[in-house]
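# Tertiary structure, described
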Amino acid sequence: MPIVRFEAADSPERTQIGEGLTRPAVEAGRLETGRAEGKYFLRHDDGCAVCGRIIETGETFYLDSNAGEVLCEEHGRERRGG
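A brief report on the enclosed structure follows. Worth saying up front: this structure is predicted, and the values here are computed from it rather than measured. (Residues numbered from 1 in each chain as written. Predicted model: local features only at pLDDT ≥ 70, side-chain atom pairs only at ≥ 80, totals over all residues. Heavy atoms only, no water.)

### Points about the overall build of the chain
- Tallying secondary structure elements over the chain gives 2 helices and 6 strands in all.
- Start at the N end of the chain and walk to the C end: the helices and strands fall as β-β-α-β-β-β-β-α.
- Rg of the C-alpha trace for the chain: 11 Å, near the compact-globule value of 12 Å for 82 residues, within the 12% margin.
- Projected onto its principal axes, the C-alpha coordinates of the chain cover approximately 35 × 25 × 20 Å.
- Partitioning the contacts of the chain with sequence separation of at least 6, the portion at a separation of at least 24 is 51%.
- Taken as a whole, the chain presents about 4,400 Å² of accessible surface, with 44% of it coming from carbon and sulfur. (Helix = DSSP H or I, 4+ residues; strand = E, 2+ residues; numbered from the N terminus. Rg over C-alpha atoms; globule rule 2.2 N^0.38 Å. Contact = heavy atoms within 4.5 Å. Areas by Shrake-Rupley, 256 points an atom, 1.4 Å probe, with all protein chains shown as cover.)

Okay, structure coming up:
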């Protein structure tokens, strides 16, 4: 699965995703379900896997489902190659 770019985090802990993104979230071990606010969420409360920076509300971030890692915008762009 390619590295997926998310335009804006919903909160520092998680971002709601649609059904089409559940597979990469499961592959990464980051799918969260069973919340009153929605059906599927991507958990990213541990921040960027490279620098540890917390993904703040409204910030762009990336998911590398093969590595199971969330990346900040800078490190996500680097890993994606551009």
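### Details of the pairing of strand β3 (residues 31-35)
- The pairing of β3 with strand β4 (residues 38-43) spans 4 bridges and is classified as antiparallel. When the sheet's bridge partners are listed, Glu32 is paired in β4 with Phe41.
- The antiparallel hairpin formed by β3 and β4 contains 2 residues in its connecting segment. (Pairing = 2+ DSSP bridges.)

### Let's talk about the pattern of salt bridges
- On inspection of all chains with the given rule, the structure shows 12 salt bridges.
- In this structure, the salt-bridge partner of Arg14 is Glu32, at a minimum N-O distance of 2.6 Å. Of the two residues, Arg14 sits in strand β2 (residues 14-16) while Glu32 sits in strand β3, which places them 18 residues apart along the sequence.
- Judged by relative accessible area, Glu32 falls into the buried class, the value being 16%.
- Across the pair Arg30 and Asp46 runs a salt bridge, and its minimum N-O distance is 2.8 Å. Placement of the pair is Arg30 in the loop between α1 (22-27) and β3 and Asp46 in the loop between β4 and β5 (61-64), with a sequence separation of 16 residues.
- Of the residues examined, Asp46 reaches a relative accessible area of 41% and is grouped as partly exposed. (Salt bridge = Lys/Arg side-chain N within 4 Å of Asp/Glu carboxyl O. Buried < 20%, exposed > 50% of the residue type's maximum accessible area, 1.4 Å probe, protein only.)

### Some remarks on the side chain of Asp64
- Within the secondary structure, Asp64 sits in strand β5.
- In terms of polar contacts, Asp64 uses its side chain to reach the backbone amide nitrogen of Ala67, at 3.2 Å.
- Ignoring any residue separated from it by four or fewer positions in sequence, one finds Asp64 in contact with Ile3, Glu69, Leu71 and Arg79. (Polar contact = N/O pair within 3.5 Å; in protein donor to acceptor, adjacent residues only side chain to side chain.)

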